[in-house]
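Examination of the molecular architecture
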Amino acid sequence: MKNTGECGKVFPAKNGGYAVQKVTVVHVGKEHIDQYGHVNYKNFPMLLEAGQDDYMANVVGVDFEKIEREWGLRSFVRAMHMEYAGQAREGDDLHVHTS
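Position labels on residues start from 1 in each chain and follow its written sequence. Reporting of local features is limited, given that this is a predicted model, to residues whose pLDDT is at least 70; pairs of side-chain atoms are given and counted only at 80 or more, and all residues count toward the totals for whole chains, interfaces and linings. Only hydrogens and water are set aside; all other atoms, that is, all heavy atoms of the structure, feed into the side-chain values.

**Considering helix α1 (residues 44–60)**
Note the threshold: Elements are defined by DSSP. Helices are runs of H or I of four residues or more, strands are runs of E of two residues or more, and each kind is numbered from the N terminus. Each residue after the first adds 1.5 Å to the expected span of a helix. For every residue, the accessible area (1.4 Å probe, protein chains only) is compared with the maximum for its type, and the residue is labelled buried under 20%, exposed over 50%, or partly exposed between those bounds.
With 17 residues, α1 should cover 24 Å at 1.5 Å per step; its first-to-last C-alpha distance of 23 Å lies within 8% of that length. For α1, the complete set of buried residues consists of Phe44, Leu47, Ala50, Gly51, Asp54, Tyr55 and Met56. With its phi angle positive at about 95 degrees, Gly61 sits one or two positions after the end of α1.

**What to know about the nonpolar core**
As a reminder, the rule being used: By nonpolar core is meant a set of buried Ala, Val, Leu, Ile, Met, Phe, Trp, Tyr and Cys residues that side-chain atoms within 4.5 Å join together. Residue contacts are defined here by distance: any two heavy atoms, one from each residue, within 4.5 Å place the two residues in contact.
Among the nonpolar cores identified, the biggest contains nine residues, and these are Val26, Val28, Val39, Phe44, Leu47, Ala50, Ala88, Leu94 and Val96. Elements with a contribution of two residues or more to this core: α1 and β4 (93–98). In terms of residue count, the dominant contributor to this core is α1 (three residues). Residue contacts for Leu47: discarding those within four places in its chain leaves Val26, His32, Val39, Leu94 and Val96.

**Overview of the confidence of the model for the chain**
To keep it simple, the criterion reads: Per-residue confidence from the predictor is given as pLDDT, running between 0 and 100.
Taken residue by residue, the chain gives an average pLDDT of 84. The fraction at 70 or more is 83%. Counted against residues more than four places away or in other chains, residues 1–5, with its pLDDT under 50, gives 16 contacts.

**Some details on the side chain of Thr98**
Relative to the elements of secondary structure, Thr98 occurs in strand β4. Thr98 sits in the buried class, given a relative accessible area of 13%. Apart from the residues lying within four places of it in its own chain, the contact partners of Thr98 are Val20, Gln21, Lys22, Gly51, Gln52 and Tyr55.

Written out as structure tokens, the structure is:
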């Protein structure tokens, strides 16, 4: 995972407020590749987790480890949206947008 160096882009949210979008660059490694030579759709959530961790640490300002340790809370994924623009192959850098 590479941090883009930006805190995040602010944009209008559906609820009338504002949301912050963070872009994280995730490198596709050999461990993500299936027998057909690309990332299988079932493996993408694992790649998206890097974006979630980056967002929490750099936009929210607290990571999941601290949330669990200090407050005893665990998180869950409420929704996930992916748009496939093509195949992802070993060596590719994916831009994960998290908000």
